[in-house]
Each structure stands twice: as structure tokens, then as C-alpha cells.
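# Residue-level structural notes
Listed below, chain by chain, are the residues.
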Amino acid sequence: FIIHRVHGEKFIVITIAAAFCSFAAGQTTATTQPTSPAETVAAFQRAMNGIDPALISTILEPEDDLGRMMIGQLQKLANSLAELRAAVQTQFGPRGASLLDHPPQHLTQKIDGDSATVATDRGNIIHLRRTNNYWRILIKPPAGKAAQQQIAEIGIVAEAIDHVAAGVRSGDYDTADEVVR
């Protein structure tokens, strides 16, 4: 769980997303598929930082129907974060947009055939699978109501971020720091 502050409110983002790092090696774009597990995790973080949200559909792999629903909500969240980043960049410039970035972490990958894990220095373990020669993060939400709750909460956070982005565009904030408080 990562707690984000948006417009003075705390939102818990229940994701593998926000817990990952901004890993410099692997400055992946929508036209470049990551080639290692660590690059895939870094690409995911870039997507969740609102830098390249189109990557979500190419680097996540659902384990089941709930996983597909989770990926849909993560895509919505990544798109919302991209809209917020664009609004902050337009209103406050690149420095303002950089306030939305998560701090870098060190990643350690372990590959075992077509499976891999990536560990972050925050203690998160991300499981990946190689499919068609590309690494994808496995998405398997918890069973039952907990999964439905997580999926719904990600949607709520995305809507809140959309609201903040609209406020940035309409001039409701005097500084970028005010947006991220």
C-alpha cells in the first residue's frame, strides 16, 4: 500500500504500481518493449508515474478474470495520472510535473527460465513471466471480496485524480506543491 496525497486528502493506492521504482535503465517508451524483468518493472513505474500509460496493456498479464479487471482499473489510473501530469506540466512546467515522480529504488532481478522475480529495496517482490519473448508482470488479485474492493478503490483514486487534474487546468492551484500535498 502506498498513501498518496492529492488535494490535501490521503488516498491509498492498492497497487503493485506505486510501490515500484523509477528505474533509470530502461527508459522504455510505447514503441519499445522492455527486454528484462527489471526493465519491465521500471516501465510499469513510468506508466504509473503518468509518463507512458500505454505500456500497461503490454507489460501486465492477468492470471484470471479478476486480474483482467484489475488491469483495466490500473490502465484507468495510469491514464488519470498522465492527465494530471500533463495538466501540472502545462500549468507549472517540468519541475512541477517532476513532483509527481516516485523516488528511485534499486531493483534486483532473479530469472528462472520463463519466470522471474524482481525485488525492490522497499521489500516488494514482483513476479513476472516471459510470454512471446517479453517479460510481463503477473496480476493476480486476492480472491473474493478483497479483490473487488481493491479494484473499486483503484477506480475511486483514478476519479479523484481526474478531479484534481481538472482543478489544475481551471487554475484552482497556485503551485505544483499544492497539488501534491
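Parameters at a glance
Per chain, residues are indexed from 1 in the order of the written sequence. Totals for whole chains, interfaces and linings use all residues, but because this is a predicted model, local features are given only for residues with pLDDT of at least 70 and pairs of side-chain atoms are given and counted only at 80 or more. Calculation of side-chain values draws on the structure's entire complement of heavy atoms; hydrogens and water are dropped beforehand. Under the DSSP-based scheme used, a helix requires at least four consecutive residues in state H or I and a strand at least two consecutive residues in state E, with every element numbered from the N terminus. The contact criterion used throughout is that any non-hydrogen atoms of two residues lie within 4.5 Å. To measure how exposed things are, a 1.4 Å probe is used in the Shrake-Rupley method; for residues, cover is taken only from the protein chains shown. Expected span of a helix: the number of residues minus one, times 1.5 Å. Three exposure classes are used, based on accessible area relative to the maximum for each residue type with a 1.4 Å probe and protein chains only: buried under 20%, partly exposed in between, and exposed over 50%. Pairing between strands is defined by DSSP: at least two bridges between them are needed. Axes here refer to lines fitted to C-alpha atoms; in helices the fit is confined to the stretch in contact. Angles between the N-to-C directions go from 0 to 180 degrees. Each angle is binned into one of four classes, with values under 35 degrees roughly parallel, values over 145 roughly antiparallel, values of 65 to 115 roughly perpendicular, and all other values oblique. By convention the crossing between two helices is left-handed if the near helix lies anticlockwise of the far one by an angle smaller than a right angle, and right-handed if it lies clockwise. Asp, Glu, Lys and Arg are counted as charged, while Ala, Val, Leu, Ile, Met, Phe, Trp, Tyr, Cys and Pro are counted as nonpolar; the rest, among them Gly, fall into the polar class. By nonpolar core we mean a set of buried residues, namely Ala, Val, Leu, Ile, Met, Phe, Trp, Tyr and Cys, connected to one another through side-chain atoms within 4.5 Å. For every residue, the predictor reports its confidence as pLDDT, a number between 0 and 100.

## Some words on the overall build of the chain
Within the chain one finds five helices and seven strands. Counting from the amino terminus, the chain carries its helices and strands in the arrangement β-β-α-α-β-α-β-β-β-β-α-α. Pairs at least 24 apart in sequence give 60% of the contacts found in the chain among residues at least 6 apart. In the form shown here, the chain has an accessible surface area of approximately 8900 Å², with 53% of it arising from carbon and sulfur atoms.

## What about helix H4 (residues 145-169)?
Helix length check: H4 (25 residues) gives 36 Å between terminal C-alpha atoms against 36 Å at 1.5 Å per residue, within 8%. Downstream of H4 by a residue or two, Gly 171 has a phi angle that is positive, lying close to 85°.

## Points about the pairing of strand S5 (residues 115-120)
Only one face of S5 is buried: it carries Ala 116, Val 118 and Thr 120, and the other face, with Ser 115, Thr 117 and Ala 119, is open. Where strand S4 (residues 107-112) meets S5, six bridges bridge the pair, whose relative direction is antiparallel. In the strand pairing of S5, Lys 110 is matched with Thr 117. From the end of S4 to the start of S5, which pair antiparallel, there are two residues, and Gly 113 there has a positive phi angle of about 65°. Between S5 and strand S6 (residues 125-131), which pair antiparallel in sequence order, lie four residues; one of them, Gly 123, sits at a positive phi of approximately 90°.

## Remarks on the environment of Gln 91
Relative to the elements of secondary structure, Gln 91 occurs in helix H3 (residues 65-98). Along the sequence, Gln 91 and Tyr 173 sit 82 residues apart, while their C-alpha atoms lie 9.1 Å from each other. Sequence-distant contacts of Gln 91, that is, excluding residues within four places in its chain, are made with Val 168 and Gly 171.

## Observations concerning the packing of H3 against H4
Contact geometry of H3 with H4 gives a least axis separation of 9 Å together with a crossing angle of 15°. In this view, H3 runs roughly parallel relative to H4, as classed from their interaxial angle. As H3 runs across H4, the sense of the crossing is left-handed. Looking at the contact of H3 with H4 residue by residue, the classes come out as 19 nonpolar, six polar and five charged.

## Some thoughts on the nonpolar core
Of all hydrophobic cores here, the largest spans 41 residues; its most connected members are Leu 60 and Leu 84. Contributions of two or more residues to this core are made by helix H1 (37-48), helix H2 (56-59), H3, S5, S6, strand S7 (134-139), H4 and helix H5 (176-180). Looking at which element gives the most residues to this core, the answer is H3, with ten residues. Setting aside its immediate chain neighbours within four residues, Leu 84 contacts Leu 100, Ile 161, Val 164, Ala 165, Val 168 and Val 179.

## Considerations on the confidence of the model for the chain
Averaged over all residues, the pLDDT of the chain is 80; the fraction at 70 or higher stands at 82%. Counting contacts from residues 1-31, a segment whose pLDDT is below 50, to residues more than four positions away or on other chains yields 98 contacts.

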